[in-house]
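# Report on the structure
One-letter residues, chain by chain:
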Amino acid sequence: MEVGQMQGRLVDYTKSLFMEGFLDGQFLQLQQLQDESNPDFVVEVVSLFFDDSEKLLNDLTMALDQKNVDFKKVDAHVHQLKGSSSSIGAQRVKNACIAFRNFCEEQNIEACLGCLQQVKQEYYLVKNKLETLFRLERQIVAAGGSIPLMEMGF
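These numbers were taken from a predicted model, which means no experiment stands behind them.

The secondary structure content of the protein chain amounts to 6 helices and 0 strands. Secondary structure elements in the protein chain, listed N-terminal to C-terminal, are α-α-α-α-α-α. Along the first, second and third principal axes, the C-alpha atoms of the protein chain reach 55 × 25 × 25 Å. Expressed as a percentage of its 154 residues, the buried residues of the protein chain come to 38%. Counting only contacts in the protein chain whose residues sit at least 6 apart along the sequence, the fraction spanning at least 24 positions is 69%. Here the protein chain has roughly 8,700 Å² of accessible surface; of this, 49% comes from carbon and sulfur atoms.

For the rest of this paragraph, the subject is the confidence of the model for the protein chain. Of the residues in the protein chain, 98% have a pLDDT of 70 or more, and the chain-wide mean is 95. When the elements of the protein chain are averaged for pLDDT, helix H2 (residues 25-32) gives the smallest value, 94, and helix H4 (residues 71-88) the largest, 98.

It is at 9 Å that the axes of H4 and helix H5 (residues 91-106) come closest, and there the two elements cross at 160 degrees. In terms of their interaxial angle, H4 and H5 are classed as roughly antiparallel. Taken as a pair, H4 and H5 cross one another with a handedness that is left-handed. Contact residues: H4 offers Phe-71, Val-74, Asp-75, Val-78, His-79, Leu-81, Lys-82, Ser-85 and Ser-86, while H5 offers Val-93, Lys-94, Cys-97, Ile-98, Phe-100, Arg-101 and Cys-104. Residue composition of the contact of H4 with H5, grouped by class: 9 nonpolar, 3 polar and 4 charged.

Following the UniProt record, one finds the feature "modified residue: Phosphohistidine" (unreviewed entry) at His-79. Relative to the helices and strands, His-79 resides in helix H4.

A few words now on H4. When the terminal C-alpha atoms of H4 are compared, their 26 Å separation across 18 residues agrees well with the 26 Å that a helix rising 1.5 Å per residue should span. Inspection of H4 places Phe-71, Val-74, His-77, Val-78, Leu-81, Ser-84, Ser-85 and Ile-88 among the buried residues, and these make up the whole buried set. Projection of H4 onto a plane perpendicular to its axis shows the buried side chains occupying an angular sector of 160 degrees, all on one side. Contact partners of the buried residues in H4: H2, helix H3 (41-64), H5 and helix H6 (109-142). Between the side-chain oxygen at the start of H4 and the backbone nitrogen of Lys-72 there is a gap of 3.2 Å, and the oxygen is on Asp-70.

Conventions we followed
- Residues numbered from 1 in each chain as written.
- Predicted model: local features only at pLDDT ≥ 70, side-chain atom pairs only at ≥ 80, totals over all residues.
- Heavy atoms only, no water.
- Helix = DSSP H or I, 4+ residues; strand = E, 2+ residues; numbered from the N terminus.
- Buried < 20%, exposed > 50% of the residue type's maximum accessible area, 1.4 Å probe, protein only.
- Contact = heavy atoms within 4.5 Å.
- Areas by Shrake-Rupley, 256 points an atom, 1.4 Å probe, with all protein chains shown as cover.
- pLDDT = per-residue confidence, 0-100.
- Axes fitted to C-alpha atoms, helices over the stretch in contact; angles between N-to-C directions.
- Parallel < 35°, antiparallel > 145°, perpendicular 65-115°, else oblique.
- Left-handed = near helix turned anticlockwise from the far one by under 90°.
- Nonpolar A, V, L, I, M, F, W, Y, C, P; charged D, E, K, R; others polar.
- UniProt positions renumbered as here; feature names shortened; annotations may be inferred.
- Expected span 1.5 Å × (residues − 1).
- Arc of directions from axis to C-beta.
- Polar contact = N/O pair within 3.5 Å; in protein donor to acceptor, adjacent residues only side chain to side chain.

This is the structure:
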């Protein structure tokens, strides 16, 4: 596949991530912080998000598995996950965390367990989508092309 075709595929794929609600404008702002002096900025920030999220999801699973659930602790973990997902533009993860926090406030264990599954599902979906996006970008660069910049007005 030639570079122009790969760039077109990347643009279409990126648009689909916004149209399907996986990403929001915060992700574009993150991309705008990347430049020649730090070409892996977005990948590095998102990789940190992946690492932190995996730990938080494990912490949440353990916290909700306790005989006496500490809802303040659960809420603190969900709040942290909501903040980090918001900072990279992972919109659907952030939205799932908002619902989760409401059930923490109500101390509704069944609803919290359901929300944990929803958050995990949204997290693994966006992780897979972003890994695909980064793979497309690497293929373009390896073929000698440049990554087209996205604008919000698509």
